[in-house]
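Structure assessment
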Amino acid sequence: MIIRIVIIVVLFLPLRVIAWEDEVVLSFINQVNPLIKAQKNVSNTFTKPDALTWALRNTSLSGRLGFGGTDFRDDPYTVLGGLQINIPLSSIKEEREQAMKLVSEAKAMNDISVKVIADIVKMRTLESELAASEVRRKFLKQKAKWIKERIEQGYASEMNELWAIGSKLNTEDALIAKVDVLAKTQRYKLAKYAGTEWKSLLAYLEGQGDALGEHDG
């Protein structure tokens, strides 16, 4: 009996329920979410420099003006120039700062991912409720049709059951309308994690498989 129910649910499952993948949504958000991007920019800014970059950062021009000429010139002043290199006492501080930035980046990604996953679960729950309600509605309509045929054949006693099924159909219609609104709101909430790319993510959640373009996968 359970297997039959599962098969029925799969057969009548709305396309939008199975049209998007959790991992694709999570990956896309990790790429375009403004908070994650900002944190990554900070981490990149504080990346430990290579040898050349380190030298450019810690080297400056210096000059000194002295009195008296040289053996080859009679100028009253002598300009002494050169490079001044500031050597940090230790590179441990840079490494520690970089590690802290990476930890902050990982925490930001994790915090957002936890929220996104929770909202994905809620989205899937709403879609499942919608699918189940649509299956029940289809079953009730088929049963109502069968009872009508019975009544036309002279089984007038079936009229009360027909009214009861009609009432159940109205309840399912109301439930479908309610859950559908909640699902649309939840899709919009999920899409807003994508920042300026929210419209693309919303289109993907609504069933447009190619809406994410090169970000997909």
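First, a word on what this report is: a plain description of the structure on this page. (Residues numbered from 1 in each chain as written. Predicted model: local features only at pLDDT ≥ 70, side-chain atom pairs only at ≥ 80, totals over all residues. Heavy atoms only, no water.)

**Here we look at the overall build of the protein chain**
Note the following rule: Think of it this way: any DSSP run of H or I at least four residues long counts as a helix, any run of E at least two long counts as a strand, and we number them from the N terminus. Type-normalised accessible area, obtained with a 1.4 Å probe on protein chains alone, sets the label of each residue: buried when under 20%, exposed when over 50%, and partly exposed for intermediate values. Working rule for contacts: check all heavy atoms of both residues, and any pair within 4.5 Å makes them a contact. Only the protein chains shown count as cover for residues, with accessible areas throughout obtained via the Shrake-Rupley method and a probe of 1.4 Å.
For the protein chain, the count of helices and strands is eight helices and two strands. Taken from N to C terminus, the helices and strands of the protein chain fall in the order α-α-α-α-α-β-β-α-α-α. Looking at the protein chain residue by residue over its 217 residues, the buried ones come to 27%. Taking the contacts inside the protein chain whose residues are at least 6 apart along the sequence as the reference set, 65% of them involve residues at least 24 apart. Of the accessible surface of the protein chain, which amounts to about 15,200 Å², a share of 60% is contributed by carbon and sulfur atoms.

**Some remarks on the packing of aromatic side chains**
Keep this limit in mind: By convention, a stacked pair of Phe, Tyr or Trp rings (six-membered ring in the case of Trp) has centres within 6.5 Å and planes under 30 degrees apart, an edge-to-face pair has planes over 60 apart, and any other such pair is tilted.
Per the stated rule, a full pass over the model turns up one aromatic pair. Ring centres of Tyr188 and Trp198 lie 5.5 Å apart, and the angle between their planes is 75 degrees; on these two criteria the pair is classed as edge-to-face. One end of the pair, Tyr188, is in helix 7 (residues 159-191); the other, Trp198, is in helix 8 (residues 198-205), and ten residues separate them in sequence. Take Tyr188: its relative accessible area is 41%, and that puts it in the partly exposed class.

**Structural notes on the pattern of salt bridges**
Basically, it comes down to this: We define a salt bridge as a contact between a side-chain nitrogen of Lys or Arg and a carboxyl oxygen of Asp or Glu at a distance within 4 Å.
Enumeration over the complete set of coordinates arrives at eight salt bridges. Close ionic contact of Arg137 with Asp173 constitutes a salt bridge, the shortest N to O distance being 2.3 Å. Here Arg137 is found in helix 6 (residues 92-152), whereas its partner Asp173 is found in helix 7, with 36 residues between them in sequence. Owing to a relative accessible area of 27%, Arg137 belongs among the partly exposed residues under this scheme. Taken together, the salt bridges that share partners define one network made up of Asp22, Arg124, Glu127 and Arg187.

**Some details on the nonpolar core**
Short version of the rule: Among buried residues, the Ala, Val, Leu, Ile, Met, Phe, Trp, Tyr and Cys ones that are joined through side-chain atoms within 4.5 Å form a nonpolar core.
Trp20, Val25, Ile29, Val116, Leu190, Leu201 and Tyr204 are the most contacted members of the largest nonpolar core, which has 26 residues in total. Mapped by element, the contributors of at least two residues to this core are helix 3 (22-32), helix 6, helix 7 and helix 8. Apart from residues no more than four positions distant in its own chain, Tyr204 is found in contact with Ala19, Trp20, Glu21, Val24, Val25, Gly209, Ala211 and Leu212. Counting seven residues, the second-largest nonpolar core is a separate cluster that includes Ile147, Ile151, Leu162 and Leu169.

**A few points about helix 8**
Within helix 8, burial applies to Leu201, Leu202, Ala203, Tyr204 and Leu205. Its buried side turned inward, helix 8 meets helix 3 and helix 7.

**Section: the side chain of Glu172**
Summarising the element assignment, Glu172 is placed in helix 7. For Glu172, a relative accessible area of 11% translates into the label buried. If we ignore the near neighbours within four places in the chain, the residues touching Glu172 are Ser133, Arg136, Arg137 and Leu140.

**Considerations on the packing of helix 7 against helix 8**
Note the threshold: Axis angles are defined between N-to-C directions and span 0 to 180 degrees, where every axis is a line fitted to C-alpha atoms and, for a helix, only to the segment in contact. Here the angle decides the label: under 35 degrees means roughly parallel, over 145 means roughly antiparallel, 65 to 115 means roughly perpendicular, and every other value means oblique. By definition, any crossing whose near helix is turned counterclockwise from its far helix by less than a right angle is left-handed, and any crossing with a clockwise turn is right-handed.
Look at helix 7 against helix 8: their axes get within 8 Å of each other, and the N-to-C directions meet at 140 degrees. When the axes of helix 7 and helix 8 are compared, the pair comes out oblique. Crossing geometry of helix 7 relative to helix 8 is assigned as right-handed. Facing Arg187, Tyr188, Leu190 and Ala191 of helix 7, the residues of helix 8 in contact are Trp198, Leu201, Leu202 and Leu205.

**Remarks on the environment of Ser128**
One can find Ser128 in helix 6. Residue classification places Ser128 among the partly exposed residues on the basis of a relative accessible area of 42%. Through-space distance from the C-alpha of Ser128 to that of Val179 is 9.8 Å; in sequence the pair is 51 residues apart.

**Observations concerning the packing of helix 3 against helix 8**
Helix packing for two helices is described by the angle between their axes and how far apart those axes are. Under the convention used in this document: Under the convention adopted here, Pro, Cys and the residues Ala, Val, Leu, Ile, Met, Phe, Trp and Tyr are nonpolar, Asp, Glu, Lys and Arg are charged, and Gly plus all remaining residues are polar.
Running from amino to carboxyl end, helix 3 crosses helix 8 at an angle of 180 degrees, the nearest separation of the two axes being 11 Å. Judged by the inter-axis angle, helix 3 sits roughly antiparallel to helix 8. Taken together, the residues of helix 8 that come into contact with helix 3 (itself represented by Val24, Val25, Phe28 and Ile29) are Leu201, Tyr204 and Leu205. In terms of residue class, the contact of helix 3 with helix 8 is built from seven nonpolar, no polar and no charged.

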